[in-house]
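Examination of the molecular architecture
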Amino acid sequence: MKLSKGILIVIEGIDGAGKTTQAEILLEKLKEKGLDTACYREPSESKWGRDIKRKAALPDSISPEEELDLFLKDRRENIEKNLKPGLDEKKIIVLDRYYYSTIAYQGARGIDPEMLRRINEEFAVRPDLVFILDVDAQKGLKRIENRKNKDMLFEREEYLVKVRKIFLSIRGENIFLLDAQRPEDEISREIEEITFGYIEKFLG
């Protein structure tokens, strides 16, 4: 199956919403249909992304402005190195977190969410589909309590309550807010249905 254009699908949500699981399920469904795919995540594995992950393990180790600068540098590299080339090759790219996470997470640290959206959309590739998985902050943290690597900067309930509130305020064309407290297979079916309904228009 060939596409007439590349397609970027973004999966968003607070920690513990199930983003990575749903990204993996969707990727497998796309591959089963014989579609050319790629999967990335942010922060990426760039030097900027590694720096973000290292500093996130230490609470209050970085200011909101320094953190934003690292995310923007990491995103620019991810776009130029991975997203644009993949889309030019007419692949379907599934991306685990994108600039909506910056709007929500750095917005919750006091930076204006509208300004964050504006500066990202000045250079970022616009996604075709965005799925925001919504889950209560307490429940999200419960799901990830056994993770080996803790992001002390991000994985705090009072902080994630603010992050969730901003995610819930995000609107736009082809942005879908999904209840992520439902069973995993129910969520994946909804994502699959919306995705395949969209890509049908671009199948040659």
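Anyway, here's the lowdown on the structure attached to this text. All values reported here derive from a predicted model rather than from experimental measurement.

Comments concerning the packing of aromatic side chains
Counted by the stated rule, this structure contains six aromatic pairs. Between tyrosine 105 and phenylalanine 167, the aromatic rings sit 6.3 Å apart at their centres with planes inclined by 80°, giving edge-to-face as the arrangement. On the criterion of sequence distance, the pair formed by tyrosine 105 in helix H4 (residues 99-107) and phenylalanine 167 in helix H7 (residues 157-169) is long-range, its members being 62 residues apart. Pair check on accessibility: tyrosine 105 and phenylalanine 167 agree, each one buried. One aromatic cluster is present, built from ring pairs that chain together Tyr98, Tyr99 and Tyr100. When the ring centre of phenylalanine 202 is taken as reference, the NZ or CZ atom of lysine 5 above it lies at 5.0 Å. Over the aromatic face of phenylalanine 196 sits the side chain of lysine 33, whose NZ or CZ is 5.7 Å from the ring centroid.

What to know about the pairing of strand E4 (residues 129-134)
Consecutive side chains of a regular strand alternate in pointing toward one face of the sheet and then the other. By the criterion of burial, E4 is predominantly enclosed, with six of the six residues buried. Covered by surrounding structure in E4 are Leu129, Phe131 and Leu133 together with Val130, Ile132 and Asp134, the residues of both alternating faces. Relative to E4, strand E1 (residues 7-13) runs parallel, the two sharing five bridges. Note on E4: the bridge partner recorded for glutamate 12 is isoleucine 132.

As for the nonpolar core
Core analysis: the biggest nonpolar cluster contains 59 residues, and Leu8, Tyr98, Tyr100, Val163, Phe167 and Ile199 have the highest contact counts within it. If one sorts the elements of this core by residue count, helix H8 (residues 184-199) sits on top with six residues. Once you skip the residues sitting within four places of it in the chain, phenylalanine 167 turns out to touch Glu12, Gly13, Ile14, Arg97, Tyr100, Ser101, Ala104, Tyr105 and Ile132.

Thoughts on H7
Each α-helix winds once per 3.6 residues, and so residues spaced three or four apart point in a common direction. Under the 1.5 Å per step criterion, the end-to-end length of H7 is 19 Å for 13 residues, consistent within 8% with the ideal 18 Å. By the burial criterion, the buried members of H7 are Tyr159, Leu160, Val163, Ile166 and Phe167. In a view along the axis of H7, the buried residues occupy a sector of 115°, so they form one face of it. Facing away from the buried side of H7 by over 90 degrees, the exposed positions are Glu158 and Lys165. Among the structural elements, E1, H4, helix H5 (113-121), E4 and helix H6 (137-143) are those in contact with the buried residues of H7.

Definitions and cut-offs
- Residues numbered from 1 in each chain as written.
- Predicted model: local features only at pLDDT ≥ 70, side-chain atom pairs only at ≥ 80, totals over all residues.
- Heavy atoms only, no water.
- Phe/Tyr/Trp six-rings, centres within 6.5 Å; stacked < 30°, edge-to-face > 60°.
- Helix = DSSP H or I, 4+ residues; strand = E, 2+ residues; numbered from the N terminus.
- Buried < 20%, exposed > 50% of the residue type's maximum accessible area, 1.4 Å probe, protein only.
- Lys NZ or Arg CZ within 6 Å of the ring centre and 35° of its normal.
- Pairing = 2+ DSSP bridges.
- Core = buried A, V, L, I, M, F, W, Y, C linked by side-chain atoms within 4.5 Å.
- Contact = heavy atoms within 4.5 Å.
- Expected span 1.5 Å × (residues − 1).
- Arc of directions from axis to C-beta.

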